Amino acid sequence: MKLNQSNSDLRICVDSIAQGQISGRVYGQRLEHPLVFADIGDMLLQIDDILNAQDYPRAFQRKRSFGVEQKSTAPLPIELEGVYMSKETVETSYGKIATYNVNITTRQNTSWQGIIDWLDDSPIITFRSALEFIHIINEAIKK
């Protein structure tokens, strides 16, 4: 599978809200299977692991260490190997309470930037950080 912007949307399916915490599943064409999350923090960590493993979008921060510095001159990955979800599987997945698409377009300043599409008549919302993303999701579940 080629890595590109058109297959980078993640579909968040919220199945339950208990004591202000959401839980559910994440689907995406670049995932081998749905990610099951117990709360929003768990979801963020799992998505961040996937983004780091696929190196797309590439993090803009320079990695630092106390050891010998290794220069990474590897180009952005072009293709992923493995079996991934089809576009139809992602598009037909819905949560019991809410469903929305998230597209993480960049990762600057050790955070995420992107858009949230609520899949209804609501306007698309942009976010500039993972913290802002959490705030937007929390405000939406309060309604």
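Presented here is an overview of the structure given in this document. What you see is a predicted model, and the numbers here were worked out from it, not measured in a lab. (Residues numbered from 1 in each chain as written. Predicted model: local features only at pLDDT ≥ 70, side-chain atom pairs only at ≥ 80, totals over all residues. Heavy atoms only, no water.)

## Considering the packing of helix α1 (residues 40-54) against helix α3 (residues 130-142)
With their axes 11 Å apart at the nearest point, α1 and α3 run at an angle of 140° to one another. Regarding the angle of α1 to α3, the classification is oblique. Two packed elements cross with a definite hand, and for α1 against α3 that hand is right-handed. On the side of α1, the interface is formed by Ile40, Met43 and Leu44, while α3 contributes Phe133, Ile134 and Ile137. The residue inventory of the contact of α1 with α3, partitioned by class, reads 6 nonpolar, no polar and no charged. (Axes fitted to C-alpha atoms, helices over the stretch in contact; angles between N-to-C directions. Helix = DSSP H or I, 4+ residues; strand = E, 2+ residues; numbered from the N terminus. Parallel < 35°, antiparallel > 145°, perpendicular 65-115°, else oblique. Left-handed = near helix turned anticlockwise from the far one by under 90°. Contact = heavy atoms within 4.5 Å. Nonpolar A, V, L, I, M, F, W, Y, C, P; charged D, E, K, R; others polar.)

## Some thoughts on the nonpolar core
Residues Ile12, Val26, Met43, Ile47, Tyr100 and Ile116 are the most contacted members of the largest nonpolar core, which totals 27 residues. Taken together, the elements giving at least two residues each to this core come down to β1 (10-18), β2 (21-28), β3 (35-37), α1, β4 (98-106) and α3. With 5 residues, α1 is the single largest residue contributor to this core. When near neighbours in sequence (up to four residues on either side) are disregarded, Tyr100 contacts Leu10, Arg11, Ile12, Val14, Ile22, Met43, Ile116, Asp117, Trp118, Leu119 and Ile137. (Core = buried A, V, L, I, M, F, W, Y, C linked by side-chain atoms within 4.5 Å. Buried < 20%, exposed > 50% of the residue type's maximum accessible area, 1.4 Å probe, protein only.)

## Comments concerning the sheet that holds β3
If you trace the 6 strands from one edge of the open sheet to the other, you get β3-β2-β1-β4-β5-β6, paired in antiparallel fashion. Taken across any chain shown, the strands that pair with only one partner, and hence form the sheet edges, are β3 and β6 (125-127). Averaged over all adjacent pairs, the angle separating strand axes in this sheet is 25°, with direction ignored. In this sheet, strand β5 (residues 113-117) lies alongside β4 in antiparallel orientation, the contact comprising 5 bridges. (Pairing = 2+ DSSP bridges.)

## Let's talk about the pairing of β2
Counting buried positions over the 8 residues of β2 gives 7, a clear majority of the element. In this sheet, β2 lies alongside β1 in antiparallel orientation, the contact comprising 8 bridges. Bridging across to β2, Ile12 finds its partner in Val26. Where β1 hands over to β2, the hairpin turn is made up of 2 residues, of which Gln19 adopts a positive phi near 55°.

## Looking at the packing of aromatic side chains
Within the structure shown, the criterion is met by 3 aromatic pairs. Here the aromatic residues Trp112, Phe127 and Phe133 are joined through ring pairs into a cluster of three or more. The cationic tip of Arg11 hangs over the ring face of Tyr94; the distance from NZ or CZ to the ring centre is 5.1 Å. (Phe/Tyr/Trp six-rings, centres within 6.5 Å; stacked < 30°, edge-to-face > 60°. Lys NZ or Arg CZ within 6 Å of the ring centre and 35° of its normal.)

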